[in-house]
Amino acid sequence: MSKIKNVFARQILDSRGNPTIEVDILTSSNSFGRASVPSGASKGDNEAFELRDNETPFLGKGVLKAVSNVNNIIAPELIGKSILDQIYIDNILINLDGTVKKTRLGANAILAVSLAIARTAANELNIPLYKYIGGVYTYFLPTPLINIVNGGRHSNAPIAFQEFMIVPVKSNSFTEAIQIGHKIFYELKNIIQKKGLSTSVGDEGGFSPNFNGIEDTLDHILEAIHMSNYEPYDEIGIAIDCAASEFYENNKYVYSKFENKTEVQKKSKEEHISYLSYLIKRYPIISIEDGMDQNDWDGWKIMTDKIGDKVQLVGDDLFVTQVERLNKGIENNIANSILIKLNQVGTLTETIETINLARKNKYNNIISHRSGETEDSFIADFSVALNIEQIKIGSICRSERTSKYNQLLRIEEMFGNNSFYSGWIKKL
């Protein structure tokens, strides 16, 4: 059985030009694997700890401390261990850190090692990464939630909500879903250009024009859907990420924090929920992510009771991919879906535990990227490995986004007639 021969970390740059960590693994049989980790701009308070240097250079965003922790603390513990025991190695990493939020070694350091171990093991066995993680019964291609407009913390656009996505609900394959997304994305670009607005993109590749708030954004998206000869509701749904924690202040939802309004727009939780209810009646919205603040459990409960049977309600900052917080949501019947981000918890094993808990309790799982990404396509294989039904990768542009789309296209090609693509599955 091949043993770990070397573990080496380095500092690289993510899609925003900020440092992040990358880890290489080499085995005694010269199998090699590499993984890098992303970083979010809008982060949940309860996410695992991302270790930064907090000193020059890179304006305090360097990760040389995390790199050192891998090279000097983690590596000596792993050298000589079997490359094919993911759970055992992940438990070594968890125990070596010894803190709840991984504040000693840094969740970024731990996750980079955890993912590199999995990729190296797959290479050791000469099988695809998705098959190593998921086994022989991996055949499912996820439905993409395709980002086309960025607002909130992800762009300079004056839009309170952070992401506006299209969902090809009637596509027959992943390839067709990408073709549909591409057509609508570039039709929206043409519309924006004709109106003399900027076609620059935000952190996740969606356009960030000077739209006049939320409804103006949704109206433009509807126009792009119609101009692309698709039918809203029947063929194309809309998913939004409110990222409500970013504009929640003093028990109010302050839309004007991001929107260029002359008057301050503050809504109570009841008014905010009523507005979301109004939006799903007016527009083909089928999914709402982080509709309430991450700590507004009462608001989440009210929202779930009011519209949880009508749309997918996704907890991102609310659950932060962690079993304890998801259990609280399950016990109180809050939300009906969870966003899965590997770096919110810190190891592959813990992430899978959260996915399994969600699935057992009939919560939808959505695998997700971060706003500061790398070219690593791990989450594409990961979504297929666990037969996840939805994935958020970003827009149909920027190589850190398209690297994941491209990997899923390759996987679908490899599956051939054995692949299964369901399109949109509504489980509420």
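None of these values were measured; they are calculated from a predicted model.

A.B. asks: Describe the overall build of the protein, with residues and values.
C.D. replies: Each helix and strand counted, the protein has 12 helices and 16 strands in total. Its C-alpha radius of gyration of 21 Å places the protein within 12% of the 22 Å reference for a compact globule of 428 residues. With the C-alpha coordinates aligned to their principal axes, the bounding extent of the protein is approximately 60 × 50 × 45 Å. Of the roughly 16500 Å² of accessible surface on the protein, a fraction of 47% belongs to carbon and sulfur atoms.

A.B. asks: Tell me about the pairing of strand 3 (residues 32-36), and name the residues and values.
C.D. replies: Of the pairings in the sheet, the one linking strand 2 (residues 19-27) to strand 3 comprises five bridges and is antiparallel in character. Of the residues in strand 3, the one forming a bridge with Glu22 is Ser36. Once strand 2 ends, the chain turns through four residues before running back antiparallel as strand 3, passing Asn30 with a positive phi of about 70°.

A.B. asks: Could you give an account of a nonpolar patch on the surface, with specific residues and numbers?
C.D. replies: On the surface, Met1, Leu84 and Leu125 cluster together into a nonpolar patch covering about 310 Å² of accessible area. For Leu84, the position within the fold is in the loop between helix 1 (64-78) and helix 2 (86-97).

A.B. asks: Describe helix 1, and please don't skip the residues or the numbers.
C.D. replies: Relative to the 21 Å expected for 15 residues at 1.5 Å per residue, helix 1 spans 20 Å between its end C-alpha atoms, a close match to the ideal helical length. Residue Val70 marks the point of greatest curvature in helix 1, where the axis turns by about 30°. Along helix 1, the positions that sit buried rather than exposed are Ala66, Val67, Asn69, Val70, Ile74, Ala75 and Leu78. Considering only its buried residues, helix 1 is in contact with strand 1 (4-13), strand 2, helix 2 and helix 3 (107-125). Phi turns positive one or two residues past the end of helix 1, at Gly80, with a value near 95°.

A.B. asks: How would you sum up the packing of aromatic side chains? Please name residues and give values.
C.D. replies: This model, assessed by the stated rule, comprises 17 aromatic pairs. Aromatic side chains Phe319 and Tyr363 sit 6.3 Å apart centroid to centroid with 70° between the ring planes, which places their arrangement in the edge-to-face category. Taken together, the residues Phe319 in the loop between strand 12 (312-315) and helix 9 (323-331) and Tyr363 in the loop between helix 10 (348-360) and strand 14 (364-368) connect sequence positions 44 residues apart. The class for Tyr363 is buried, based on a relative accessible area of 7%. These aromatic residues form a ring-pair network of at least three members: Phe161, Phe164, Phe247, Tyr248, Tyr253, Tyr255, Tyr275 and Tyr278. Over the aromatic face of Tyr255 sits the side chain of Lys267, whose NZ or CZ is 5.3 Å from the ring centroid. Lying across the ring of Tyr275, Lys267 places its NZ or CZ 5.2 Å from the centre.

A.B. asks: Could you give an account of the pairing of strand 12, naming the residues involved and the relevant values?
C.D. replies: Side chains Gln312 and Val314 project from strand 12 onto one buried face, and the interleaved Leu313 and Gly315 project onto a second face that is buried too. With three bridges connecting them, strand 11 (residues 285-289) and strand 12 associate as parallel partners. Bridging across to strand 12, Ile288 finds its partner in Leu313. As judged from the two bridges shared by strand 12 and strand 13 (residues 337-340), these two strands associate in the parallel manner. Its bridge partner lying in strand 13, Val314 is registered against Ser337. Handedness of the crossover joining strand 12 and strand 13 through helix 9 is recorded here as right-handed.

A.B. asks: Tell me what's going on with helix 7 (residues 269-282), and back it up with residues and numbers.
C.D. replies: In this model helix 7 runs 20 Å from its N-terminal to its C-terminal C-alpha over 14 residues, within 8% of the 20 Å that 1.5 Å per residue would give. Along helix 7, the positions that sit buried rather than exposed are Lys269, His272, Ile273, Tyr275, Leu276, Ser277, Leu279 and Ile280. Buried residues along helix 7 sit against helix 6 (213-227), strand 9 (252-254), strand 10 (266-267), strand 11 and helix 8 (297-307).

A.B. asks: Any details on the packing of helix 2 against helix 3? Residues and values, ideally.
C.D. replies: Two elements in contact, helix 2 and helix 3, have axes whose closest approach is 10 Å; the angle formed by their N-to-C orientations is 170°. With respect to their mutual orientation, helix 2 and helix 3 come out roughly antiparallel. Considering how the two elements wind past one another, helix 2 and helix 3 form a crossing that is right-handed. Residue-level contacts link Gln86, Ile89, Asp90, Leu93 and Asp97 of helix 2 to Ile110, Val113, Ser114, Ile117 and Ala118 of helix 3. Here the residues of the contact of helix 2 with helix 3 sort into six nonpolar, two polar and two charged.

Analysis parameters
- Residues numbered from 1 in each chain as written.
- Predicted model: local features only at pLDDT ≥ 70, side-chain atom pairs only at ≥ 80, totals over all residues.
- Heavy atoms only, no water.
- Helix = DSSP H or I, 4+ residues; strand = E, 2+ residues; numbered from the N terminus.
- Rg over C-alpha atoms; globule rule 2.2 N^0.38 Å.
- Areas by Shrake-Rupley, 256 points an atom, 1.4 Å probe, with all protein chains shown as cover.
- Pairing = 2+ DSSP bridges.
- Patch = residues over 30% accessible without salt bridge, like charges linked within 9 Å, V, L, I, M, F, W, Y side chains within 5 Å.
- Salt bridge = Lys/Arg side-chain N within 4 Å of Asp/Glu carboxyl O.
- Expected span 1.5 Å × (residues − 1).
- Bend = angle between axes of the 7 residues up to and from the residue.
- Buried < 20%, exposed > 50% of the residue type's maximum accessible area, 1.4 Å probe, protein only.
- Contact = heavy atoms within 4.5 Å.
- Phe/Tyr/Trp six-rings, centres within 6.5 Å; stacked < 30°, edge-to-face > 60°.
- Lys NZ or Arg CZ within 6 Å of the ring centre and 35° of its normal.
- Right-handed = clockwise from strand over helix to strand, strands pointing away.
- Axes fitted to C-alpha atoms, helices over the stretch in contact; angles between N-to-C directions.
- Parallel < 35°, antiparallel > 145°, perpendicular 65-115°, else oblique.
- Left-handed = near helix turned anticlockwise from the far one by under 90°.
- Nonpolar A, V, L, I, M, F, W, Y, C, P; charged D, E, K, R; others polar.

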